[in-house]
Each structure stands twice: as structure tokens, then as C-alpha cells.
Amino acid sequence: MEGVLSYDIMALQAQAKGVSLSLPIDVVIADKFATDSNSKLLTDLRYNTIMRLQTCRTQNLGVLWVVPASSIPDGWMGLDIGPDSIKTFNEALDKTQTIIWNGPMGVFEFDKFAVGTEV
């Protein structure tokens, strides 16, 4: 089954059972799967105040480019969840009774993509 179609079917089945699904709404992108991957400057200045970027600057990891999960540019990949996703997941976790977790939120082995997993 195609990814989008299978998600739509899964979401409908979950909704019918009163289950909610939480998926990333924004992601941190990089040009390759490596510790020395490049990132671009932010195009949306509202992310300058988000903890993720303050943490990354403190650790001299640079400024990371955050985009909507549905808008990853060609040649780039999502390696961590973005600040809006962190906020959404934290809110969901505060009121959730049961969690089915499918792995880490980011590539935690690389410091600049570990923030989503660590928070």
C-alpha cells in the first residue's frame, strides 16, 4: 500500500476506535545523513525563540532549518522533529493514558538532531 493511502486508512481505523495519532508537523532538515551535514538559515524568524534553536546555538551546533513536515525540499531529509512537533507531542503526552512509540524522534546519534528525542 502507498504510504499516504495507508496512513489515511490507519487514521480512519484509529478514529473509529477513539484513538488519536500524532505525527510530526515540522522537521529539522539536512542535506545528508551525517554529523557534518549542512543546514540552511531559517526562513521563518518565529523559530528563533524556540528552545531547540537556543539549545543548538549553546552547543555551537549552528542554526538549523525547520520546515513543515510536508515541505521537505528535494535533496534534503528530515532528521529530527521541529519545535511545533515537540510542543504538540508534549501536550499529547500530558493527557495520554497509553502510548505506542515507534522509535526515537530524531537521529539522536548526531547531537544537532537529538533534541526532539531528548525533550
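We now turn to the structure provided with this report. Every value quoted in this text rests on a predicted model; they were computed, and no experiment measured them. (Residues numbered from 1 in each chain as written. Predicted model: local features only at pLDDT ≥ 70, side-chain atom pairs only at ≥ 80, totals over all residues. Heavy atoms only, no water.)

1. Description of the nonpolar core
- With eight residues, the main nonpolar core is built from Val28, Ala30, Leu64, Val66, Leu79, Val107, Phe110 and Phe113.
- If you look at the next biggest cluster of nonpolar residues, it comprises five residues, including Val27, Ile29, Val67 and Trp76. (Core = buried A, V, L, I, M, F, W, Y, C linked by side-chain atoms within 4.5 Å. Buried < 20%, exposed > 50% of the residue type's maximum accessible area, 1.4 Å probe, protein only.)

2. Here's the deal with the pattern of salt bridges
- Overall, the coordinates contain two salt bridges when judged by the stated rule.
- Lysine 32 is the salt-bridge partner of aspartate 36, the closest N and O atoms lying 3.4 Å from each other.
- For the salt bridge of lysine 87 with glutamate 91, the shortest nitrogen-to-oxygen distance reads 3.6 Å. Taken together, the residues span about one helical turn, with lysine 87 and glutamate 91 both in helix α3 (residues 83–94) at a distance of four residues.
- Residue classification places lysine 87 among the exposed positions, given a relative accessible area of 52%. (Salt bridge = Lys/Arg side-chain N within 4 Å of Asp/Glu carboxyl O. Helix = DSSP H or I, 4+ residues; strand = E, 2+ residues; numbered from the N terminus.)

3. Comments concerning the sheet that holds strand β1 (residues 26–30)
- As summarised here, the arrangement of the three strands in space is β2-β1-β3, forming an open sheet in which the pairing is antiparallel. The strands lining the two open edges of the sheet, one partner per strand, are β2 (65–68) and β3 (77–81). Taking the axes of each pair of neighbouring strands and ignoring which way they run, one obtains an average angle of 50° across the sheet.
- Where β1 lies against β3, four bridges are found, and the strand directions are antiparallel. Looking at the pairing, isoleucine 29 lines up with glycine 78 of β3. (Pairing = 2+ DSSP bridges. Axes fitted to C-alpha atoms, helices over the stretch in contact; angles between N-to-C directions.)

4. Remarks on the environment of tryptophan 65
- If you trace the backbone, tryptophan 65 turns up in strand β2.
- Exposure remark for tryptophan 65: the relative accessible area of 10% places this residue in the buried category.
- Between the C-alpha atoms of tryptophan 65 and valine 27, which are 38 residues apart in sequence, the distance is 8.3 Å.

5. Notes on the side chain of serine 37
- By the element assignment, serine 37 lies in the loop between β1 and α2 (51–58).
- At 3.2 Å, the side chain of serine 37 forms a polar contact with the backbone oxygen of alanine 34.
- With residues near it in sequence (within four places) discarded, serine 37 still touches Ala30, Asp31, Lys32, Lys112 and Phe113. (Polar contact = N/O pair within 3.5 Å; in protein donor to acceptor, adjacent residues only side chain to side chain. Contact = heavy atoms within 4.5 Å.)

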